[in-house]
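Each chain, written out:
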Amino acid sequence: MNSQIADLGAVVRGAPRVCPACGNYAGVMVFDNRMVECAGYDFSSPVLRCASCDCAYAGRALLPKDLHRYYSVLSKYDTVRSREDISALDRERAALATDFLAPILHDLGSVLDVGCSSGVLLHALRAAGVRHVQGIDPAADASVAARALFDIPVAQAQAENYDDYGSHDLVCVMAVLEHLLEPCALLDVIGRQLKPGARVLIEIPDAGAFDRPGDDRPIEPFGEFSNEHINFLSIGDLSRMASSAGLEVERWRTLRIAYGAPDLFVLLHKAPKGSQLPAADSVSMQSRLRSGDAVARYVTRSLTALSAVEQRLQAVPAVPLLIYGAGNHTARLMAQSAVLGSAKVLAVFDRNPHLHGQSIGGVQILPPEQIREFVGVPVIISTFNARREIHAGLSAIAQQPRILLYD
Ligand SMILES: [Zn+2]
């Protein structure tokens, strides 16, 4: 596996792209999301607002062949071997989706989940009374995992080429659209095949609520601009995209998932073009129609959060350092923090075995156990969501000073 990555040679970078909602070429930059390269991939991209429709999106993205190689070689999502391996976030999403679908569950004879991974959503829907559940996923191990864990049939297929959407009462597209170079193409394919009366469930991070109006809790600066997310869509963007595919919004809500991130759930059905967007469910949190507006506010809020991180880093003695975490947070901080950019970092530690022996920003990535070889060297805990667990967990492995960047 590691030799495959070494053979890549030059760093793999993204290519420019157009607005995913309307195809317009002109975008206005709201943030330059620079990152250092990790394991040969550079996910740096400007975050743009479409000059025509105000949809927010990553202005550069990896080409499909590069992204495919990234997912197949380096992804942390291929490690589900038992029910305990399913992340708390995936369980929470499945529960929230089931709750959102409650009013129509009795109508659903057959459900297809697109990009179903290990089948946790389909398992939840079957437990809620749906008789026939089926998944498709491009990853070969998804079908093995879903069969072994939940006895759910999964076909290995690319969503854009699948030709049997018409056999189901509900097609679920959860945590998919934010990743696609051409999300409208998938909606078109589904919209064309969907049988009368059938529905589509969409779930995406809600870019219309990235700025979290009314929620003052701390945020991870720019944490929504992760490697793998390239479309920052609001209900307004999604409604327009769905309309072009002959689908209309039946119901929608925005909820906070773990750590406060806003998540958008949308139910679509076939309808003539030009229909009105209904008001959000009564349980929905506040969300803006224009993602460009919300994302610009989110960038302002993130810059404030980043300067607080920078102050903490300035308080660290100017000695060699270690970093825990080789993800987006570190890749962004190494590129954007003046303090970290000029610090001497001896090593970066991460649990993902695919990363061991690779480098991030030119610094070697090692397994966490090797921290104890660096006696007395301070460790910066470079993650927001898992900071407390890692802070506690590290004390069991090693004795060096641990530096938290957030409360
Ligand atoms: Zn646009």
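Computed from a prediction, not measured in an experiment: that's the story for all the values here.

(A) Region of interest: the overall build of the protein chain. Helix and strand counts for the protein chain come out as eleven helices and 21 strands. Compactness check: the protein chain gives a C-alpha radius of gyration of 22 Å against a globular reference of 22 Å for 407 residues, within 12% of the reference. In terms of principal-axis extent, the alpha carbons of the protein chain reach across some 65 × 45 × 40 Å. When the 407 residues of the protein chain are sorted by exposure, 56% land in the buried category. Relative to all contacts within the protein chain whose residues are 6 or more apart in sequence, the contacts with residues 24 or more apart total 70%. Surface summary for the protein chain: the accessible area is close to 17,400 Å², and the carbon and sulfur share equals 53%.

(B) Representation of the environment of Ser395 within the structure. Along the polypeptide, Ser395 turns up in helix H11 (residues 387–397). A polar atom in the side chain of Ser395 sits 2.7 Å from the backbone oxygen of Ala392.

(C) Inspection of the pattern of salt bridges at higher detail. Tallied over the full model, the rule gives 22 salt bridges. With a shortest N-O distance of 3.3 Å, Arg251 and Asp281 are connected by a salt bridge. Here Arg251, found in strand E14 (residues 247–256), pairs with Asp281, found in the loop between strand E15 (262–270) and helix H8 (291–314); they are 30 residues apart in sequence, far enough to count as distant. For Arg251, a relative accessible area of 17% translates into the label buried.

(D) How the structure looks around the coordination of the zinc ion. The protein atoms that coordinate the zinc ion are Cys19 (SG), Cys22 (SG), Cys50 (SG) and Cys53 (SG), at distances of 2.3 Å. Taken together, the four donor atoms coordinating the zinc ion span angles of 102 to 117° at the metal, a pattern that classifies the geometry as tetrahedral. Each donor residue of the zinc ion belongs to the same chain, and together they define the spacing C-x2-C-x27-C-x2-C. Taken as a pair, Cys19 in the loop between strand E2 (15–16) and strand E3 (27–33) and Cys53 in the loop between strand E5 (45–50) and strand E6 (56–58) lie far apart in primary sequence, 34 residues in all.

(E) Structural detail: empty space enclosed by the protein. Overall, the coordinates contain three cavities of 30 Å³ or more when judged by the stated rule. Of the voids in this model, the largest cavity is the one considered here, and its volume is about 160 Å³. Lining the largest cavity are 20 residues, with Phe43, Ala58, Arg60, Asn227 and Ile230 sitting closest to its centre. Among the residues making up the lining of the largest cavity, the classes are represented as nine nonpolar, eight polar and three charged.

(F) Highlighting helix H9 (residues 328–336). Along H9, seven of the nine residues are buried, which leaves the element largely enclosed by surrounding structure. Within H9, the full set of buried residues consists of His329, Thr330, Ala331, Arg332, Leu333, Met334 and Gln336. Contacts from the buried residues of H9 go to E3, H8, strand E16 (321–324), helix H10 (338–342), strand E18 (359–360) and strand E19 (363–366).

How each quantity is defined
- Residues numbered from 1 in each chain as written.
- Predicted model: local features only at pLDDT ≥ 70, side-chain atom pairs only at ≥ 80, totals over all residues.
- Heavy atoms only, no water.
- Helix = DSSP H or I, 4+ residues; strand = E, 2+ residues; numbered from the N terminus.
- Rg over C-alpha atoms; globule rule 2.2 N^0.38 Å.
- Buried < 20%, exposed > 50% of the residue type's maximum accessible area, 1.4 Å probe, protein only.
- Contact = heavy atoms within 4.5 Å.
- Areas by Shrake-Rupley, 256 points an atom, 1.4 Å probe, with all protein chains shown as cover.
- Polar contact = N/O pair within 3.5 Å; in protein donor to acceptor, adjacent residues only side chain to side chain.
- Salt bridge = Lys/Arg side-chain N within 4 Å of Asp/Glu carboxyl O.
- Donors = N, O, S within 2.8 Å, 3.2 Å for Na, K, Ca; no water.
- Tetrahedral: all angles 85-135°; square planar, octahedral: opposite > 155°, others 65-115°.
- 1 Å grid on protein atoms, 1.4 Å probe; cavity = no way out; pocket = protein on both sides within 12 Å on 5 of 7 lines; lining within 4 Å.
- Points joined across faces, edges and corners; volume = space filled by probe spheres on them.
- Nonpolar A, V, L, I, M, F, W, Y, C, P; charged D, E, K, R; others polar.

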